[in-house]
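As a plain string of letters, each chain reads:
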Amino acid sequence: MDMEKSNKKVCNPLEEGMQCTLFESVGDPILVVDQETRKFVEANAAACKHLGRSREEILRLGPVDIDDADSASKVAERMALLKRDGEATFEAVQVRADGTHVSVEMHIAPLLIMAARPF
């Protein structure tokens, strides 16, 4: 599979506006998590490159699937912090598709999309 090709999201600026362009062009990995299912519902190209995975593969996963055991054990606690404080910043260790462990600093905050519930 051509990872570069499979990670590119097709944006229609007329339909999706500047948000899609910003989401895809930012250099930092961005992953959007549904708070109820705790699964990823969106990933930008930088996140795909960072994790060494296709966008389709990432969208079948959640935070516990890409974190090492210690970081994965703290996901529920971090989601509670998000709910309580409205945002949270913390360090974690993520595991790339090739097994490489990468230390990251993450900032999580709710995202309201089209007047829907926050992600």
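Computed from a predicted structure; not experimentally measured.

## A short note on the overall build of the protein chain
Alright, step 1. Scanning the protein chain from terminus to terminus reveals 7 helices and 4 strands.
Alright, step 2. The helix and strand sequence of the protein chain, counted from the amino end, reads α-α-β-β-α-α-α-α-α-β-β.
Alright, step 3. Here the protein chain, with 119 residues, has 34% of them falling under the buried criterion.
Alright, step 4. The long-range fraction of contacts in the protein chain, counting pairs at least 24 apart against all pairs at least 6 apart in sequence, stands at 36%.
Alright, step 5. For the protein chain, the computed accessible surface area is about 7,700 Å², with 55% contributed by carbon and sulfur atoms.

## Observations concerning the nonpolar core
Alright, step 1. Core analysis: the biggest nonpolar cluster contains 11 residues, these being Val-33, Phe-40, Ala-43, Ala-47, Cys-48, Leu-51, Ile-58, Leu-61, Ile-66, Val-75 and Met-79.
Alright, step 2. Within the residue set of this core, elements represented by two or more residues are β2 (40-43), α3 (45-51) and α7 (75-85).
Alright, step 3. Top element by residues in this core is α3. It accounts for 3 residues.
Alright, step 4. If we ignore the near neighbours within four places in the chain, the residues touching Phe-40 are Leu-31, Val-32, Val-33, Ile-58, Leu-59, Leu-61, Gly-62, Pro-63 and Ile-66.

## Details of the pattern of salt bridges
Alright, step 1. For the structure shown, the criterion picks out 5 salt bridges.
Alright, step 2. Of the charged contacts in the structure, one is a salt bridge between Glu-57 and Arg-53, with a shortest N-O distance of 2.6 Å.
Alright, step 3. One salt bridge connects Arg-84 with Asp-85, and the closest N-O pair in it is separated by 2.7 Å.
Alright, step 4. Judged by its relative accessible area of 62%, Arg-84 is exposed.

## Comments concerning the pairing of β2
Alright, step 1. As defined by bridge partners, strand β1 (residues 31-33) adjoins β2 across 3 bridges and the pair is classed as antiparallel. Looking at the pairing, Val-33 lines up with Phe-40 of β2.
Alright, step 2. Hairpin connection, β1 to β2: the antiparallel pair is bridged by 6 residues, and Arg-38 has positive phi, about 55 degrees.

## Things to note about α7
Alright, step 1. When we look at burial in α7, the residues that qualify are Val-75, Arg-78, Met-79 and Leu-82. Buried residues in α7, looked at end-on, bunch into an arc of 100 degrees, giving them a common side. Exposed side chains of α7 directed beyond 90 degrees from the buried face belong to Glu-77 and Arg-84.
Alright, step 2. On its buried side, α7 packs onto β1, α5 (63-66), α6 (69-72), β3 (88-95) and β4 (101-108).
Alright, step 3. Following α7 by one or two positions, Gly-86 has its phi on the positive side, about 90 degrees.

## Some words on the side chain of Glu-24
Alright, step 1. Residue placement: Glu-24 occurs in helix α2 (residues 13-25).
Alright, step 2. For Glu-24, which is buried and forms no salt bridge, the nearest opposite charge comes from Arg-55, at a distance of 5.4 Å.
Alright, step 3. In this structure the side chain of Glu-24 is engaged in a polar contact, spanning 3.2 Å, whose partner is the backbone nitrogen of Ala-45.

## So, the environment of Glu-56
Alright, step 1. Examined against the element boundaries, Glu-56 turns out to sit in helix α4 (residues 55-58).
Alright, step 2. The spacing of Glu-56 and Val-41 is 15 residues in sequence and 10.0 Å in space, taken between C-alpha atoms.

## Remarks on the confidence of the model for the protein chain
Alright, step 1. Of all residues in the protein chain, 77% attain a pLDDT of 70 or more, and the chain-wide mean is 83.
Alright, step 2. Counting interchain partners and residues more than four positions distant, the pLDDT-below-50 stretch residues 1-8 has 13 contacts.
Alright, step 3. In the model, residues 10-15 has pLDDT below 50 throughout and makes 5 contacts with residues more than four positions away in sequence or in other chains.

About the criteria used
Residues numbered from 1 in each chain as written. Predicted model: local features only at pLDDT ≥ 70, side-chain atom pairs only at ≥ 80, totals over all residues. Heavy atoms only, no water. Helix = DSSP H or I, 4+ residues; strand = E, 2+ residues; numbered from the N terminus. Buried < 20%, exposed > 50% of the residue type's maximum accessible area, 1.4 Å probe, protein only. Contact = heavy atoms within 4.5 Å. Areas by Shrake-Rupley, 256 points an atom, 1.4 Å probe, with all protein chains shown as cover. Core = buried A, V, L, I, M, F, W, Y, C linked by side-chain atoms within 4.5 Å. Salt bridge = Lys/Arg side-chain N within 4 Å of Asp/Glu carboxyl O. Pairing = 2+ DSSP bridges. Arc of directions from axis to C-beta. Lys, Arg positive; Asp, Glu negative; His and termini not counted. Polar contact = N/O pair within 3.5 Å; in protein donor to acceptor, adjacent residues only side chain to side chain. pLDDT = per-residue confidence, 0-100.

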